[in-house]
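Residues per chain are reported as follows:
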There are 4 protein chains.
Amino acid sequence: MLVVMHLNASQQNIDAVAKAIESMGLQAHPLPGSTRTAIGITGNITAVDPNRLASMEGVLELVRVTRPYKLAGREMHPDNTVVKTPQTTVGGGNFTLIAGPCSVESEGLTVEIAEFLKSEGVHLLRAGAFKPRTSPYSFQGMGREGLEILKKVRAKTGIGIVTELMDTEEAEAVEDAADIIQIGTRNMQNYALLRRVGKMKKPVLLKRGMSATLEEWLMAAEYILAGGNRQVMLCERGVRTFNDHSRNTLDLSVVPPLQATSHLPVLIDPSHGTGKRAYVPPMALASLAAGADGLLLEIHPNPDKAASDGLQTIDFATFTKLRKTLGQLSPVLGKKLS
Amino acid sequence: MLVVMHLNASQQNIDAVAKAIESMGLQAHPLPGSTRTAIGITGNITAVDPNRLASMEGVLELVRVTRPYKLAGREMHPDNTVVKTPQTTVGGGNFTLIAGPCSVESEGLTVEIAEFLKSEGVHLLRAGAFKPRTSPYSFQGMGREGLEILKKVRAKTGIGIVTELMDTEEAEAVEDAADIIQIGTRNMQNYALLRRVGKMKKPVLLKRGMSATLEEWLMAAEYILAGGNRQVMLCERGVRTFNDHSRNTLDLSVVPPLQATSHLPVLIDPSHGTGKRAYVPPMALASLAAGADGLLLEIHPNPDKAASDGLQTIDFATFTKLRKTLGQLSPVLGKKLS
Amino acid sequence: MLVVMHLNASQQNIDAVAKAIESMGLQAHPLPGSTRTAIGITGNITAVDPNRLASMEGVLELVRVTRPYKLAGREMHPDNTVVKTPQTTVGGGNFTLIAGPCSVESEGLTVEIAEFLKSEGVHLLRAGAFKPRTSPYSFQGMGREGLEILKKVRAKTGIGIVTELMDTEEAEAVEDAADIIQIGTRNMQNYALLRRVGKMKKPVLLKRGMSATLEEWLMAAEYILAGGNRQVMLCERGVRTFNDHSRNTLDLSVVPPLQATSHLPVLIDPSHGTGKRAYVPPMALASLAAGADGLLLEIHPNPDKAASDGLQTIDFATFTKLRKTLGQLSPVLGKKLS
Amino acid sequence: MLVVMHLNASQQNIDAVAKAIESMGLQAHPLPGSTRTAIGITGNITAVDPNRLASMEGVLELVRVTRPYKLAGREMHPDNTVVKTPQTTVGGGNFTLIAGPCSVESEGLTVEIAEFLKSEGVHLLRAGAFKPRTSPYSFQGMGREGLEILKKVRAKTGIGIVTELMDTEEAEAVEDAADIIQIGTRNMQNYALLRRVGKMKKPVLLKRGMSATLEEWLMAAEYILAGGNRQVMLCERGVRTFNDHSRNTLDLSVVPPLQATSHLPVLIDPSHGTGKRAYVPPMALASLAAGADGLLLEIHPNPDKAASDGLQTIDFATFTKLRKTLGQLSPVLGKKLS
């Protein structure tokens, strides 16, 4: 922590701040500069509340130096986290594809998609039973019936299940059905939910909030990690900006700083991130090139008839072609497509 | 709904789209322009999914004409909603002050603040028992013990209680303690929570999400209204922008369009909206002038010792002075301070 | 300047950074904390380039403590700047109205508006001869002919002229016609232009760039001030955000921090800031309440027939009513309407 | 153009709007829907100003259907633009590298960099003689002396020159020195400058404004194209968002929609876009994968000693390694590295 003093702060002001710092059990280190004085603070700053320094006479601002994330940050955990499900591994040099329909519509359709994915070498199916919809009048997902379908699909095909948990009341049912539990964008700071999945034994895929900073995102992950669940993946899915060319702005630029700051695997969802199926393949390829650890993709045998999100859903042929190109690029980029 | 055709769309393309529209039981109205054709659609558009039109050959884009909010919008409900609690009325020409500490800290302190507010003619106390905190290591509120304190404070002083609900599991306990239930910024699109308060009998104060558009905000209110609870207030508390001069950008510019679009009362929270106590009074005055229906303010007898949010909390003397100025401005602006 | 070291930085890393600092002629002050070391730097930091410190081993980041604006900031210039034109004074407790048509359309119309404004006690007319238009096919203003009209209007009515300079090649002609030279949003960082008006003898009204931070805005003002022209006013006119309810987001929240940071007068343009005439009066009143020093308003006797920006232009009757309310609020807020 | 009527608009309102449309020489097509009426307009809409419709009784909003860009859009110009300089070709299946120091510092250094680039097969050198700097106290570039150096470097090495024009007064000097004239971010809507380069015979590289929408960017290009210069390239260099992890947010997501909308080549500047040299290579690779036509890169033999922008500048070894990987990826993506 650094206390930056006003240009015109008096020596009396400086002394009073230093004294206040010491009365908190910390050490004050005045650093007189050519135009102003700053006061460095050493000691266990997290144990005290420096708020009252900010309102002292002559203080311009407080500058924080510590990082609030301990478990999600790379400084204390330099090695990359590798997430394991019974079917596959995320991170550790893999580029993992997770694909499927926006929502579970029927057992037959879900099996069809799962079998297509298996034939393509994909191990994880994403499909929503509970759907967060902007309108109360839109299809809200099949709910628990959808979870039952997902369990049957896994039993039949052996594919792993990625599905969203929206409410603590459904926590046990979703944990039972899923191999990876997804926390959606709108719930990134639903702390009751984060605390609940922090106690689970299954991996969590945490989507970025629509206007979450890197720090807020890692602090949401910190809630899960601090609860004891260390199997956390992060997923970028488009952020809110002024742009008018797509529903959201897929922020691939977050990948390198995220990997510099955190050891958690980073996946990209170009379907939600672009909102338009034609833009999914180029952004999927760019995700791999930017260094991400995998993709979430919406696919459907007939996107125009999908129960939700059809505009951003690709068909089987597009998926096959995209996967082939990803497979050609992966070795150049030091990744193993899985 | 309007289907805008590509400049080079052929007559065959146009006919195919028109045929597709009619196969949905709707009417197609081609509008040939000087450079391109658009096709108007009439009929009950909400009953069908126009997605497949978007991917037809020659189609440039779909333009939506209907508004997705029915109950929150002013078109079908031209009269302003007036919200009533046992203690006071929000809307209907009142400018309502809601004030209190960020979090319940102790019974004694909460009573002290409640009595100060009563002496100032304020009827509603805001105080959090459950606190949404960015860090899992920060004070998370007193929880149910805090709710018990709030009930005692109401019993002792007669002041109305505004407090936040964060999780469906606490719904009954919070409904029991509160006169107005607050849904916080991070939960604006927590649909399980919105559905739950939609079934309650007490008014709801719905804070705007950090990057929520006006439409998304009204659609979140629509969830509550559609559940049967028509006592909904909206509260602007700062949005996420590129600005570096404050933690959030208090968006007073939303007030006039919100009031043009919706009949729900609009309150402003300049404490969270600015994040700095010195900026609270000018923005509070500007809120009144912009046409808002009231304020949420964080006050504390000793802000520097507040358990949370001290930097944005004003003291009693500042509140008294601010309230006096609001009282002088109100009649000029056609509002009654309460 | 503070150099924040990585958590795992070695003593060798720290020593190397300290040595590098000293080799620049500065002093290094290592501050060992509970988790990491930071190194304070004292001495004349502006004379050196600390870039190479950022890439040294063990360095996490550099934290700047100095403020880059010297002349625009309040620290070295605590007294408010008061701007004088032959007709009136901006700042110093005045709330100054500047109004007029978006663009000069004809001498007759401009005289009509000027005379209306004079009758309302307004001393400054805004009207564009050179218009920055998004489309090359839109009306670009009357150019030098428009400047000639403005000079005649001033001669006839005595009203002061506020008009925009867009290009250094027109600098002399605009300086000759104007009492206040406006630099528009899109030119806030047109440094050639800023340097040019920095050498002028007439006051400059500097509009905020569409996504300019407070610091960038003050640094643009610094260009003008550093050139020798100290008569600078700032004008907020809406910034670019994700909002869908208006063309721009009028950022009144910048007023208190701007006044805390700078001594320059702050005006608000609610016409461009909202883009819709019905929203202009409430945001104009809110500007006064937020502490601004004045307004720029677009008015026209028949807004629907204005040559540009008609949707955001108010008529004479609306202006008269608005001015009356501003007049009633001003004394309560310690301002003198002019 | 579509006029959307209010839900409660009367038949009289609808008739009045239709009559107003017809009085403008256009045709009105009322489209009664299940909840509201919309009125389609056909005829030459660009010739009239529909503003007055917006303020008519019963009108909710106007929806524009036409696109304002004629020359920059792909609808009227389906074939991709290919830009030619004496040294190379941009677009047409090439992935073009443009690299060099942020600013011209000396002839020796610039020759050294140019020769390195030539040895790497790069045909275009970027280097600034006039530098737009946020602070008036920072190094502003070598100016005309820098242009002289660039001319000598071209004469000696044969490399093409890309350099920025900031002011119409320097137009001839820059045109003389450059093979491609760069218009910087801060000048994207400097219309005097755009008009000037619209009359030049040399290609223009137009950087995106910090908060420019796709439409605004294309309209800026339209100014140049409408002036007669059809050799225009677009360059994304990071936009302004709420993100805290880098100075700007490099918006790769704009590439696919830009290429769908416009025929102009799209280049990416990951140096300015990330602001940090470690993030440049992954974002450069992602640019290629996203479908861009080339890169602008800042390189320097000793980035820590660069006169400006050192933090985002890569060294020769990093460039060589990056170019090798780009070369391996290009054929898979159907591009030819040049």
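Right above here is the structure, for reference.
Per chain, residues are indexed from 1 in the order of the written sequence. Going through the entries in the order they are written, you letter the chains from A and number the ligands from 1. Predicted model: local features are reported for residues with pLDDT of at least 70 only, side-chain atom pairs are reported and counted for 80 or more only, and whole-chain, interface and lining totals are derived from all residues.

(A) Broad picture of the overall build of chain A. Only DSSP runs of H or I with at least four residues qualify as helices, and only runs of E with at least two residues qualify as strands; both kinds are numbered from the N terminus onward. Broken down by element type, chain A carries eleven helices and 15 strands. With respect to the principal axes defined by its C-alpha atoms, chain A has extents near 75 × 45 × 40 Å. Residues are defined as contacting one another if the C-beta atoms placed from their backbone atoms lie within 7 Å. Within chain A, contacts between residues at least 6 apart in sequence are counted, and of these 65% link residues at least 24 apart.

(B) Looking closely at the interface of chain A and chain D. The interface is formed by 37 residues belonging to chain A together with 37 residues belonging to chain D. Where the side of chain A that touches chain D is concerned, the elements lending two or more residues are α7 (214–226), α8 (255–261), α9 (270–274), α10 (280–290) and α11 (316–329) of chain A. In this classification, the charged set is Asp, Glu, Lys and Arg, the nonpolar set is Ala, Val, Leu, Ile, Met, Phe, Trp, Tyr, Cys and Pro, and all remaining amino acids, among them Gly, are polar. When its residues are assigned to classes, the side of chain A that touches chain D shows 21 nonpolar, 13 polar and three charged.

(C) How the structure looks around the relation of the copies chain A and chain B. Screw-axis analysis of chain A against chain B gives a translation of 0.0 Å along the axis, an RMSD of 0.0 Å, and a rotation angle of 180°. When the rotation and shift are considered jointly, the pair of chain copies conforms to a two-fold rotation axis. The rotation axis passes nearest to the C-alpha of A:S211 in chain A, at a distance of 3.1 Å. Mapped onto chain B, 100% of the interface residues of chain A are again interface residues, and the two copies thus contact each other with one and the same surface. Least squares is used to superpose the copies, and the fit set is the C-alpha atoms of residues whose pLDDT is at least 70 in both copies.

(D) Seen up close, the relation of the copies chain A and chain D. Turning chain A through 180° and shifting it by 0.0 Å along the axis lays it on chain D, with an RMSD of 0.0 Å. Most of the interface of chain A is mirrored in chain D, where 100% of its interface residues again form contacts.

(E) Looking closely at the environment of C:A221. All names here are of chain C. As for its position among the elements, A221 is in helix α7 (residues 214–226). Exposed residues have 12 or fewer other C-beta atoms within 10 Å of their own C-beta, buried residues have 20 or more, and partly exposed residues fall in between, where C-beta atoms are placed from the backbone. Owing to 25 C-beta atoms within 10 Å, A221 belongs among the buried residues under this scheme. For the pair A221 and K118, spaced 103 residues apart in the sequence, the C-alpha separation amounts to 30 Å. Setting aside chain neighbours within four positions, we find A221 in contact with A72, L206, V232, L234 and L264.

(F) Molecular detail of the environment of C:N190. Mapped onto the elements, C:N190 comes out in the loop between β10 (180–183) and α6 (191–197). Residues C:N190 and C:A220 lie 30 residues apart in sequence; the distance between their C-alpha atoms is 8.7 Å.

(G) Highlighting the sheet that holds strand β4 (residues 59–63) of chain D. All names here are of chain D. Paired strands, as defined in this entry, are two strands with at least two bridges between them according to DSSP. Judged by pairing direction, the sheet is antiparallel, and its four strands sit side by side in the order β2-β3-β1-β4 without closing on themselves. Each edge of the open sheet carries a strand with a single partner, namely β2 (27–32) and β4. Ignoring strand direction, the axes of neighbouring strands in this sheet form an average angle of 20°. Here strand β1 (residues 2–5) runs beside strand β3 (residues 37–42); their pairing, made up of three bridges, is antiparallel. Residue pairing in the sheet places V4 in a bridge with A38 of β3. Every axis in this analysis is a line fitted to C-alpha atoms, fitted for helices over the stretch in contact. Angles between the N-to-C directions lie between 0 and 180 degrees. Sitting on the sheet, helix α1 (residues 11–23) is in contact with β1, β2, β3 and β4, with an inclination near 10° to β3.

(H) Layout of the nonpolar core. Ranked by size, the top nonpolar core spans 348 residues in total, and within it A:L206, B:L206, C:L206 and D:L206 carry the most contacts. Apart from the residues lying within four places of it in its own chain, the contact partners of B:L206 are B:I183, B:M188, B:A220, B:A221, B:I224, B:V232, B:M233, B:L234 and B:C235. What makes a nonpolar core is a set of buried Ala, Val, Leu, Ile, Met, Phe, Trp, Tyr and Cys residues, with links drawn between C-beta atoms within 7 Å.

(I) Expanded view of the interface of chain A and chain B. Of the residues lining the interface, 30 residues belong to chain A; the matching set on chain B comes to 30 residues. The residue inventory of the side of chain A that touches chain B, partitioned by class, reads twelve nonpolar, ten polar and eight charged.

(J) Fine view of the sheet that holds strand β3 (residues 37–42) of chain C. All names here are of chain C. Here four strands make up an open sheet; going across it, the order is β2-β3-β1-β4 and the pairing antiparallel. Every other strand in the sheet has two partners, leaving β2 (27–32) and β4 (59–63) as the edge strands with one partner each. Going across the sheet, the axis of each strand differs from the next one's by a mean of 20°, ignoring polarity. Where β2 meets β3, six bridges bridge the pair, whose relative direction is antiparallel. Looking across to β3, one finds that A28 is bridged to I41.

(K) How the structure looks around the packing of helix α3 (residues 107–119) of chain B against helix α4 (residues 144–157) of chain B. Residue and element names in this part refer to chain B. With their axes 10 Å apart at the nearest point, α3 and α4 run at an angle of 40° to one another. The pairing of α3 with α4 is recorded here as oblique in orientation. For the pair α3 and α4, the crossing hand works out as right-handed. Of the residues in α4, those touching α3 at E107, T110, V111, A114, E115 and K118 are I149, K152, V153, K156 and T157. Among the residues forming the contact of α3 with α4, the class breakdown is four nonpolar, two polar and five charged. Roughly parallel here means an angle under 35 degrees, roughly antiparallel means over 145, roughly perpendicular means 65 to 115, and every remaining angle is called oblique. Left-handed describes a crossing whose near helix is turned anticlockwise from the far helix by less than a right angle; the clockwise case is right-handed.

(L) Just the pairing of strand β7 (residues 94–100) of chain C, in detail. All names here are of chain C. Most of β7 is tucked away: six of the seven residues are buried. As defined by bridge partners, β7 adjoins strand β15 (residues 336–337) across two bridges and the pair is classed as parallel. By the bridge assignment, N94 is partnered in β15 with K336. Strand direction decides the pairing type here: β7 and strand β14 (residues 294–298), joined by five bridges, are parallel. Counted as the bridge partner of T96 is G294 from β14. In this structure, β7 lies alongside strand β8 (residues 124–126), joined through two bridges in parallel fashion. By the bridge assignment for β8, A99 is matched with L125.

(M) Here's a closer look at helix α11 (residues 316–329) of chain C. Residue and element names in this part refer to chain C. Helix span, expected: 1.5 Å multiplied by one less than the number of residues in the helix. Between the first and last C-alpha of α11 there are 20 Å, a value that for 14 residues agrees with the 20 Å anticipated at 1.5 Å per step. When α11 is considered as a whole, its buried residues turn out to be F319, L322, R323, L326 and L329. Taken down its axis, α11 places every buried residue within 120° of arc, on the same side. For α11, the exposed residues lying more than 90 degrees away from the buried face are A317, T320, K321 and K324. Working note: the arc is built from the helix axis to C-beta atom directions.

(N) Molecular detail of unusual backbone geometry. For C:D309, which is not glycine, the phi dihedral falls at a positive 60°. Looking at where C:D309 falls in the secondary structure, it is placed in the loop between β14 and α11.

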